[in-house]
Each structure stands twice: as C-alpha cells, then as structure tokens.
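# Close look at the chain arrangement
Next come the chains, spelled out residue by residue.
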Amino acid sequence: MESTLRGIGVSPGIAIGPAVAFRDDRFEIPRFDVDDVERELTRFEQALEKTRTHLSTIHARTAEKLGDGHAEIFKAHLLILEDVTILEQVKTRIAEEKINVEHILNELSQYYVELLGAVEDSHFQARTADLLDVMERLQRNLLDAEPLQPVEMATPGILFSRDISPSDTVTMDRSNVLGIALDSGSPTSHTAILARALEIPAVMGLHSASALVHNDTTVILDGSEGVLIVDPTEDTLASYRQQQETLEALRSALRGIRQEGETTTRDGVVIPTQANVELPFELVPELRESADGVGLFRTEYLFLNRNTLPSEEEQYQAYFQAAETMHPLPVTLRTMDIGGDKFVSHLQISKEENPQLGWRAVRFCLERKDIFKPQLRAMLRASTLGNIQIMFPMISGLEELRQVKAVLEEVKSELEEESFPFDPNIKVGSMIEVPSAVALTDLLSQEADFFSIGTNDLIQYSLAVDRVNEKIAHLYEPAHPAVLRMIKWTCNAAWASGIPCSLCGEMAGDPLYTEALIGLGVTSLSMSAVSLPLVRAEIGEIDFGEAQELASHLLRLGTAAEIKTEIRTRYEKRRSAEAYLSHAAAREKEVTLPLERG
Ligand code: PEP
Ligand code: MG
C-alpha cells in the first residue's frame, strides 16, 4: 500500500526505482567459547584473507577512479592487517582464553579506542579510525555480514542508509545511484552538498526509513520537496514520471538559454550567477559557458579522504587548473574550512564537544601556519592568469581579517624572494557567516575587497541551530527575519564601501529566495551548478526595482511564516515553464551593474 515519508529535500530532482539498503551497521558481535582452537585460528586466517582481497580491490578501484592520493587510505588499511602486535595478541587470546575471534576483536577495538582516543595527536587518532574500520571489515567477514565497501550498486536503485559519510559520497559509483534516502543529515551537511555536486536527488532526515523500507520495494524520491513515496500506486507513478519528464525538458531548455550570456534582470541589471565547486571533477569546461565564474571553491576537499597532506605543488596544480578552465572568468578560492562537520583525521583536530563552535577554518589556519602557508603559496602561484581571488572563511572580526592578510603578505614576500610570479593585484575577500562579523561589516568592508555571505553558517550561528543536527532541522530557517536583516546590513556596508557582496550559501541556489536576495542588495549569487538554470531563469523574470520594494516590505515583517508566504506567492506566479521560456527569449541585453545604480 502506498505510504509517504517526509524528510528534508537536500538535492533536487525526482528519482524512481527499487530501494537498495546500504550498510546496515546494526550487527551484534556474539561471544562464545571455542573448543577447537585450531579451527578458530583458521577462521581468523580466512577472514584476514577475505578482508585483504576486499581492501585490495577497493584500493585498485579508488586509484583508478580518483587517483593514488585518495587510494592511499586503503593501503594504510591493508598494512593494519599485517600488524604483528595485533595478530599475535588475537592468536594468543584465542589459544589461552578459548573464546571466539570476533569477540576478541571487539575488545581489542575498545581497548585501542580508549588508549589512542585519549592521545591528542593526529597520527594516533587517524590510526584509531583506520583500525576501527579494518576491525569492522574483519568482523563482517567473520560473521558473513555485508562487507564494508564504497557505495556501489549493481543495478539502478535508490540508496537507503542511516547515514553515509562525505567520503562514501565521493567514492560512490554514481552510475546506478538514482537517488539517496538517509535517516539522518541536513541540507548543509557535506554529504548533502556532495549529493548536489554529483546531481543525485537526495532526501535526508527520514528518521527510520532505512529500517522501514524493504529492499526492492518501488519508491519515488522527490529531492525538491523532501518526500519519499513507498510502494506508489500506478497513478502516483504516472504523475511523477510526468513531472520527471517536464523537469528534464525545462532543464535542457534552460541549458540552452544560459549559453546566451550574462544573467540580467528583466530591467537589465547584471547579477552574475556563479558556481560553487566542491570537487575537482566538477570543473568541466562547460562550466565556463553556464556560470559567470566560480564564486566558491571549497578547497577542503583536497584535504579529505587521505592520510597525508596535499603538497603545495599538488594544490597549485588543482588551483591553476581551476583558473585555467574558467579563464577569463573569476575563480574564488576559499582557504581551507577544516573542522566543524569537515573532520580531517590526519590533522591534529581532536574530537570536540561543539565542533561547529570549535577549532575551525581560519582559527585552525592561524595556529597551523605550517599548513596554511603552503595553501596560500599555492593559491598565489596559481594566480598568474589574473582571475583568482582569495576568500577567508569564518572571519569573526577585524583582528582575524588582519591576521590572515598579514600571513598572506608574508607569503607574497617569500614568493617574491624566490622569484615566483603571482598576481600582485589579487583580490582578498571575507566571508560573512559569523554574526559578530555582520555587526562589524562597516569596518570589515574597508579592509576587504569583497564580501561573500555564507548563509549556511550565518543561519546556524545567528539562530543557534546546529546545521547538521536533524532533530532541529525544522528550526533552520533561511527566511527568518533576523537572517534577512543581517543580509541587508552586510549589503549596505558593502555598498557604502563600494565593494561587491556575493552570497554563496545554499540559499543562493533556491529560486524561491532570488528576488528577495537581489532586492536586499546581494550583487552576485554562487550555487551548486545544478541550480544555475532555475536561478538564472528566475533572475530573468525579476524587476530590480520591484525586488527592492519587496525587500523593504519583507524587512518590516516579523515572522518567517509571513515572509515565506509573501515570497512564495510572488514566486508561484512566475514559475510556469512557459513564463520562463517566453520572458527569457524576450529578455533585453542592456546591462547595468547594481553597484553603479547608486
Ligand atoms: C556557508 O557557510 O554558507 C558556506 C558557503 O560555507 P560552508 O557551507 O562550506 O561552511
Ligand atoms: Mg560556511
């Protein structure tokens, strides 16, 4: 019988297919006595062999798909299987205590977690995580449970799981994953961001869907509405198939439109629409045709899913490639925003009580100049084509902005001494995503070349709602009047100092907010590439003057509900496919920069 589960739509699109359960972590580790020690030792050897085979296959596949750097993690896992201390410990305990091997492995894991978990050293912490991963693989093999592998599906289907990590998402074989349905997660978690990057429709925060939905049951996943329909009737299926087709037709029509040039409002105001880039493979040459540059290059992905730091050279190559692909359009490289929910096991970040309020982004960089400076060197070296700008995340006040800029100056002097060329006029911007920075935008705007509002964090910090906590996801409200006011204050300060003010949080990719954001004074929008067609078409429907009037009206409203009703009503009027196409075709090409409108 058809039933509907509601979650949070985190990556748009409709997927229809059979449910495929991924990685059920809830397996019990039994404890039993063994009479035949030899037999137990043989079981252990066989499980080791099986695990070795699995890991070697995963290593080879990862190397082929993502390169040797990313594959290194599995090489380290293979080495753990050869660790003499561990092997001897297990064998001795089997012989002496005559208990089953999976139980011994469980106790050993707990022992190492306690021993190594207390040591605040990245090496030990990375080893603990690796060790637990390998132990789990071994235990799964002993219990004949499903092996732990990168997400891979033999036939097309919709992946169900309690959770998957950003690394699962990166290593996923996209071809058969039609959609992703997760019990946990939220729109701004990095798994969600990656799902959007890979253009996989996804719904998160579905509570216990992975336990409720049986394998092979037909499901419809609507990543825009955050809805999952289990066992749909023929009528429902037909209606969603129709929607799927309409959406695809609309998107390809819009793809054609977006080749035509700059994004302008109906009355000719240019609002550059740029792409957020999470992964290097997203930097396809077509992006130059469909986006007005890269407004946010999240460099932390060079640091994730590996055991060693990327070298300055490796980073330089990645940044230069981005600059070259997009040239002459701008590429905004954001310095690493490590910490928060982007945990990098090989760096010395210990587990924190409140990671979102912890040792993150520039806070980490200013203490770890040994890591920060090579990144800045690589960015500067990659700037020779003149289209790179550097942006600092999580700036909370003037001190921090001055400190990071001082390090940048230091690095520039070093490069000069070493005769490395770089763009001497490189623009340096500040993200505005911490409420204290909003309060200081009048001062920050005098020392930054541009602002970019990070609403993902600004909403989290101003409303005190952890962006990755699905329990309170309903309180995460982009249309909150306080958020709108903060965006307005930031735009006003940028305007007064004559600097551009972009917005690169997920709000930028939701066409529902486009008119309000433009009216508030945001001068460019940066979003996942998949959102570009809809947002660009939406901008073409908007009149700049009307948008300003709307913004003034919204700023007088006291609740998110009133604000949403207002913007939704106006949006609905504009959203039919026919309206998009006819207005876009008739759109004038006269261009005016909002900054020049006074
Ligand atoms: C933001 O906070 O809005 C942002 C763009 O940065 P991130 O999501 O990487 O924290
Ligand atoms: Mg942020």
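Residues numbered from 1 in each chain as written. Chains lettered and ligands numbered in written order. Predicted model: local features only at pLDDT ≥ 70, side-chain atom pairs only at ≥ 80, totals over all residues. Heavy atoms only, no water.

### Observations regarding the overall build of the protein
- Across its full length, the protein carries 23 helices and 16 strands.
- Going through the 598 residues of the protein one by one, you find that 55% of them count as buried.
- Residue pairs in contact within the protein that sit at least 24 positions apart in sequence constitute 70% of those at least 6 positions apart.
- By element, 51% of the accessible surface of the protein is carried by carbon and sulfur atoms, the whole surface being about 25,000 Å². (Helix = DSSP H or I, 4+ residues; strand = E, 2+ residues; numbered from the N terminus. Buried < 20%, exposed > 50% of the residue type's maximum accessible area, 1.4 Å probe, protein only. Contact = heavy atoms within 4.5 Å. Areas by Shrake-Rupley, 256 points an atom, 1.4 Å probe, with all protein chains shown as cover.)

### Details of the confidence of the model for the protein
- In the predicted model, the protein carries a mean pLDDT of 85, and the fraction of residues at 70 or more is 82%.
- A low-confidence stretch, residues 583-598 (pLDDT under 50), is modelled with 37 contacts involving residues beyond four sequence positions or located in other chains. (pLDDT = per-residue confidence, 0-100.)

### Side note on the side chain of Lys373
- Within the secondary structure, Lys373 is located in helix H13 (residues 369-381).
- A polar atom in the side chain of Lys373 sits 2.9 Å from the side chain of Glu414.
- In this view, Lys373 contacts Val407, Glu410, Val411 and Glu414; residues no more than four positions away in its chain are not counted. (Polar contact = N/O pair within 3.5 Å; in protein donor to acceptor, adjacent residues only side chain to side chain.)

### Here we look at the packing of helix H19 (residues 511-520) against helix H20 (residues 532-541)
- Where H19 meets H20, the closest approach of the two axes is 9 Å, and the angle between their N-to-C directions is 45 degrees. Compared by their axis directions, H19 and H20 come out oblique. Handedness of the H19/H20 crossing: right-handed. Between H19 and H20, the contacting residues are Pro511, Thr514 and Ile518 on the first element and Leu534, Val535, Glu538 and Ile539 on the second. (Axes fitted to C-alpha atoms, helices over the stretch in contact; angles between N-to-C directions. Parallel < 35°, antiparallel > 145°, perpendicular 65-115°, else oblique. Left-handed = near helix turned anticlockwise from the far one by under 90°.)

### Concerning the pattern of salt bridges
- Scanning all chains against the criterion turns up 28 salt bridges.
- Measuring nitrogen to oxygen at the nearest pair gives 4.0 Å for the salt bridge that ties Arg298 to Glu506. With Arg298 in strand E10 (residues 294-298) and Glu506 in the loop between strand E15 (501-503) and H19, this residue pair connects regions lying 208 residues apart in the sequence. Side by side, Arg298 and Glu506 carry an identical accessibility label, which is buried.
- Note that Arg377 is salt-bridged to Glu414, the shortest N-O span being 3.8 Å. Taken together, the positions of Arg377 in helix H13 and Glu414 in helix H14 (residues 398-417) put the pair 37 residues apart, joining distant regions of the chain. (Salt bridge = Lys/Arg side-chain N within 4 Å of Asp/Glu carboxyl O.)

### Some details on the packing of aromatic side chains
- Applying the stated rule across the entire model yields four aromatic pairs.
- Relative to Phe364, the ring of Trp359 has its centre 4.9 Å away and its plane inclined at 70 degrees; by these criteria the two rings are edge-to-face. An identical accessibility class is assigned to Trp359 and Phe364; each is buried.
- Considering the side-chain rings of Phe372 and Phe392, the 6.3 Å spacing of their centres and the 70 degrees angle between planes classify their relative orientation as edge-to-face. Here Phe372 is found in helix H13, whereas its partner Phe392 is found in strand E12 (residues 388-392), with 20 residues between them in sequence. (Phe/Tyr/Trp six-rings, centres within 6.5 Å; stacked < 30°, edge-to-face > 60°.)

### Comments concerning the site of ligand 1
- Inspection of the region around ligand 1 gives 16 residues, with Arg298, Arg334, Gly454, Asn456 and Arg467 positioned closest.
- One of the side-chain N or O atoms of Arg298 is found 2.7 Å from an oxygen atom in ligand 1.
- Coverage of ligand 1 by the protein amounts to 100% of the 290 Å² it exposes when considered alone.
- Elements with a minimum of two residues in the shell around ligand 1: E10 and helix H17 (455-463).
- Residue contributions to the shell around ligand 1 peak at three residues, all from H17.
- Along the lines of polarity and charge, the residues of the shell around ligand 1 split into three nonpolar, five polar and eight charged. (Near = heavy atom within 4 Å. Nonpolar A, V, L, I, M, F, W, Y, C, P; charged D, E, K, R; others polar.)

### What to know about the coordination of the magnesium ion (ligand 2)
- Of the protein atoms, only Glu433 (OE) and Asp457 (OD) coordinate the magnesium ion (ligand 2), at distances of 2.0 to 2.1 Å. With Glu433 in the loop between strand E13 (427-432) and helix H15 (435-439) and Asp457 in helix H17, this residue pair connects regions lying 24 residues apart in the sequence. Asp457 shares its class with Glu433; the two are buried. (Donors = N, O, S within 2.8 Å, 3.2 Å for Na, K, Ca; no water.)

### Observations regarding the sheet that holds E13
- Strand order in the closed barrel formed by eight strands is E9-E10-E11-E12-E13-E14-E15-E16, with parallel pairing between adjacent strands. The sheet shows a mean angle of 30 degrees between the axes of neighbouring strands, direction not considered.
- This element, helix H18 (residues 481-497), spans E13, strand E14 (450-453) and E15 of the sheet and lies at about 170 degrees to E14. (Pairing = 2+ DSSP bridges.)

### Some words on the packing of H13 against H14
- The interhelical angle for the contact between H13 and H14, taken along N-to-C directions, is 60 degrees, at an axis separation of 9 Å. Like other packed secondary-structure pairs, H13 and H14 cross with a definite hand, here right-handed. Contacts between H13 and H14 involve Lys369, Phe372, Lys373, Leu376, Arg377, Leu380 and Arg381 from the first element and Val404, Val407, Leu408, Glu410, Val411, Lys412, Glu414 and Leu415 from the second.
- Looking at the contact of H13 with H14 residue by residue, the class counts come to eight nonpolar, no polar and seven charged.

### Remarks on the nonpolar core
- Core analysis: the largest hydrophobic core is formed by 99 residues, its most contacted members being Tyr319, Phe392, Ile487, Leu503, Leu517 and Leu525.
- The residues touching Leu525, leaving out its near neighbours within four places in the chain, are Ile271, Pro272, Thr273, Gln274, Ser502, Leu503, Ala508, Thr514, Leu517, Val535 and Ile539.
- Ranked by size, the runner-up nonpolar core spans 26 residues in total, among them Leu41, Val101, Tyr112 and Leu131. (Core = buried A, V, L, I, M, F, W, Y, C linked by side-chain atoms within 4.5 Å.)

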